[in-house]
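A structural walkthrough
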Amino acid sequence: MKVLQNVVAEKETNFFSSDDTLQKILEQMLDEEFYEYALEKLADFGALVCGEIDARAKHTDREGEPRLIRYDKYGEEVSEIWVNEGYKKTVEQTYNTGIVGYVHKEIPQLGRKGNYVYSFAQGYLLSHAEPGFYCPVTLTMATAYLLDHYADEELKAKFLPHVCSTGEVELYEGATFLTERQGGSDVGANILEARFDGTHYRLYGEKYFASNAGMCGVAMVLARMPGAPEGTKGLTLFAVPWRKEDGSLNHLRIRRLKDKLGVRAVPSGEVEFDGSIAYVVGDPKKGIYYMLEALNLSRICNAVASVGIMRRALLESKYYVSNREAFGQRLTNYPMIRDSLAKMASKLHAEVATLFDMIRLYDRVAGGEGTDRDIVLNRLNIAIMKKETAEQAIRFAHEAIELHGGNGYIEDFVTPRLLRDAQVLTVWEGTANILALEVIRLFKKYKAHELFIDEMKQRLKKAKDSKLKEIVSEKLMELSEDLEKFVSLDDETQTYEGKGISQKLAWMYESVVAVEWADRYGGKYEKLADIYLEDTWKLRKLGDPMKTVLYFNDVV
């Protein structure tokens, strides 16, 4: 076998300009002025991510990962995080695009705020190269959300300009510290204590998995006041500056950094609080509700990172097999290779289009414009899409390694890092089990299954009649029957079946969106939908036409 030429480094120079799906999403969801602005800025950022940021990401992962400096030369405890110079440059370039700030403040060129559609488009591009660094960005987005929505004016003025900085003031990256050793996903078991000293609240205890420790300027932390009830209802949300106004540590320390499998760009540590000054955010009795809202935002970021990994895996695979020969033929001449790539392309398109459809609804809900129905569907969509995208990121990374053969397992290529980075996305912000429990709660409390089926039916009605629409309508009827049966099951059986039913909901959502795109644009998108439906719902019978092979040149 022989390689004909180098792959992505020479073929791909801009992750945005080659992404037809993303460009059409922006055209659908942004007004004309914002769309023109986004095209220009995302083209610049897409080139940056594909070039400089990608090169730095490899260095950070292999040689320059963050390190803990526990003490200075005098033996004083400093708990500082060392990051390499390239990492610092990525921090500057990324935040200065407004990936966080322009959700909460005006874009100077437009004279108005941006939105989450635009921010997540930036995050999607960034995650092609650096899903690990997108974690600190995610935490900063969550911190900005909590401060903007729930902090009083004094606290907001103290922190929000820094958290939303685009270069005009010092940047404070954010963090959200939830996890404690005895609790894990059971946040109600948290025991970090908040005591009032007559002037300030001060925190005592530890957080066991604190991402962006040492790099954050302010962390959002759940803690329990004396006399507060047990469980999640007794938790209060605090804003905790990493340093005091004189620059010294805020009575906290990093015990150690976690030696993680992947996403090495984000320093995740164990943090001890020993009288750290903390400021109450919002109603002291609603801390868990605030943090759960931030968690939903983080789950969307998690999904955005997942599809970024998926697209990078597809690009790497496409360029590698397009430029390699085996047994006298280019690999893309073989039906099995065409089948793998076309299925990846169809799933990626459906997933990205559906994710941004969900984000458009989230923009409405986060902006206070959503109805009660919107709020329930938003929570349901986030749960099912976070689960599906995270699992698909692992599958795509695995597929990319296999398509590269032995080279796919070598760290000279990006494929091992894609798999290592993807693996955490099924865990962060809620495992599949936790997300399935969320789906079940929404069914029981709000009849979310009925809202979902009704929403999918209404959207399908608007599409013109076609074979694709007929397939999805039939599957929707089957899903409706499954859901009716599911809600009648006992609790134990529901938890057993929960992950499977969540996956079917995600497939249905993606199927409807795929049909809508086929109806609207035809051509390539009709073929992508055809492949997606056939593969997802296992419609192809032995010996049927090989659509992935026949459509290959159009869809890949």
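Residues numbered from 1 in each chain as written. Predicted model: local features only at pLDDT ≥ 70, side-chain atom pairs only at ≥ 80, totals over all residues. Heavy atoms only, no water.

Let's shift gears to the overall build of the chain. Scanning the chain from terminus to terminus reveals 18 helices and 14 strands. Counting every position in the chain, which comprises 556 residues, the buried fraction comes to 57%. Within the chain, contacts between residues at least 6 apart in sequence are counted, and of these 74% link residues at least 24 apart. Total accessible area computed for the chain in this model is approximately 23,400 Å², and 49% of it derives from carbon and sulfur atoms. The average position of the 73 basic charges and that of the 86 acidic charges among the side chains of the chain differ by 2 Å. (Helix = DSSP H or I, 4+ residues; strand = E, 2+ residues; numbered from the N terminus. Buried < 20%, exposed > 50% of the residue type's maximum accessible area, 1.4 Å probe, protein only. Contact = heavy atoms within 4.5 Å. Areas by Shrake-Rupley, 256 points an atom, 1.4 Å probe, with all protein chains shown as cover. Lys, Arg positive; Asp, Glu negative; His and termini not counted. Charge placed at Lys NZ, Arg CZ, Asp CG, Glu CD.)

In this section: the UniProt feature "domain: Acyl-CoA dehydrogenase/oxidase C-terminal" (unreviewed entry) in the chain. Here the UniProt feature "domain: Acyl-CoA dehydrogenase/oxidase C-terminal" (unreviewed entry) sits at residues 286-439. Secondary structure across residues 286-439 divides into 77% helix and 3% strand, with the first and last C-alpha atoms of the span separated by 22 Å. (UniProt positions renumbered as here; feature names shortened; annotations may be inferred.)

Before going further, it helps to examine the domain arrangement of the chain. The domain architecture assigned to the chain consists of domain 1 (174-284) and domain 2 (432-554). Taking the mean C-alpha position of each, domain 1 and domain 2 sit 40 Å from one another. (Domains from an automatic or database assignment.)

As a further point, take the pairing of strand β3 (residues 77-82). Sheet topology places strand β2 (residues 67-71) next to β3; four bridges connect them, and they run antiparallel. Following the sheet pairing, Tyr71 is matched in β3 by Glu77. Hairpin connection between β2 and β3: a loop of five residues separates the two successive antiparallel strands, and Gly75 in this loop has a positive phi of roughly 85°. (Pairing = 2+ DSSP bridges.)

Further remarks concern the side chain of Lys258. Tracing the sequence through the fold places Lys258 in the loop between β11 (252-257) and β12 (268-280). Here the side chain of Lys258 touches Tyr208 through a polar contact of 3.1 Å, landing on its backbone oxygen. Reaching out from Lys258, the side chain makes a polar contact with the side chain of Glu270 at a distance of 2.8 Å. Beyond its immediate chain neighbours, meaning those up to four positions away, Lys258 contacts Tyr208, Phe209, Ser268, Gly269 and Glu270. (Polar contact = N/O pair within 3.5 Å; in protein donor to acceptor, adjacent residues only side chain to side chain.)

Moving on, we get to helix α12 (residues 432-446). In this model, α12 (15 residues) spans 21 Å end to end at C-alpha, consistent with the 21 Å of a helix rising 1.5 Å per residue. Listed as buried for α12 are Ala432, Leu435, Ala436, Glu438, Val439, Ile440, Leu442 and Phe443. Where the residues of α12 are buried, they touch α8 (287-322), α10 (372-404), α13 (448-462), α14 (467-486) and α15 (491-521). Looking at the residues trailing α12, positive phi occurs at Lys447, about 55°. (Expected span 1.5 Å × (residues − 1).)

Next up on the list: the side chain of Lys475. On the secondary structure map, Lys475 appears in helix α14. Looking at Lys475, the relative accessible area reads 14%, which means it is buried.

The next subject is the pattern of salt bridges. All told, the structure shown has 54 salt bridges when counted by the stated rule. The salt bridge involving Lys469 is made with Asp465; its shortest N-O contact spans 3.3 Å. On the basis of relative accessible area, Lys469 is assigned to the buried category, the value being 12%. The exposure class assigned to Asp465 is exposed, which follows from its relative accessible area of 68%. Here Lys467 ties to Glu470 by a salt bridge, and the two come within 4.0 Å at their closest N and O atoms. Remark: Glu470 and Lys467 occur in helix α14; sequence separation between them is three residues, near one turn of the helix. (Salt bridge = Lys/Arg side-chain N within 4 Å of Asp/Glu carboxyl O.)

Positionally, Met385 belongs in helix α10. Separated by 81 residues in the primary sequence, Met385 and Val304 have C-alpha atoms spaced 9.9 Å apart. Those residues in contact with Met385 that sit more than four places away from it in its chain are Ala303, Glu351, Thr354, Leu355, Met358, Ala506, Tyr509 and Glu510.

In this section: the packing of helix α2 (residues 20-29) against helix α9 (residues 335-366). Taken N-terminus to C-terminus, the directions of α2 and α9 make an angle of 25°; their axes are 10 Å apart at the nearest point. Relative to α9, α2 is oriented roughly parallel. For the crossing formed where α2 meets α9, the hand is right-handed. Between α2 and α9, the residues in contact are Thr21, Leu22, Ile25, Gln28 and Met29 and His349, Val352, Ala353, Phe356, Asp357 and Arg360, respectively. Residues of the contact of α2 with α9, tallied by class, amount to six nonpolar, three polar and two charged. (Axes fitted to C-alpha atoms, helices over the stretch in contact; angles between N-to-C directions. Parallel < 35°, antiparallel > 145°, perpendicular 65-115°, else oblique. Left-handed = near helix turned anticlockwise from the far one by under 90°. Nonpolar A, V, L, I, M, F, W, Y, C, P; charged D, E, K, R; others polar.)

Where strand β7 (residues 193-196) and strand β8 (residues 201-211) come together, four bridges link them in antiparallel fashion. Looking across to β8, one finds that Glu193 is bridged to Tyr204. Between β7 and β8, which follow one another and run antiparallel, lie four residues, and Gly198 among them has a positive phi close to 100°.

Attention now goes to the nonpolar core. With 185 residues, the main nonpolar core has Phe120 and Phe452 as its most contacted residues. The dominant element in this core, judged by the number of residues it contributes, is α8, at 19 residues. Here this core spans two domains, since at least three of its residues come from each of domain 1 (174-284) and domain 2 (432-554). (Core = buried A, V, L, I, M, F, W, Y, C linked by side-chain atoms within 4.5 Å.)

To continue, consider unusual backbone geometry. In the Ramachandran plot, His251 falls in the positive-phi region, its phi being about 50° despite a non-glycine side chain. Locating His251 in the fold gives a position in the loop between β10 (235-241) and β11.

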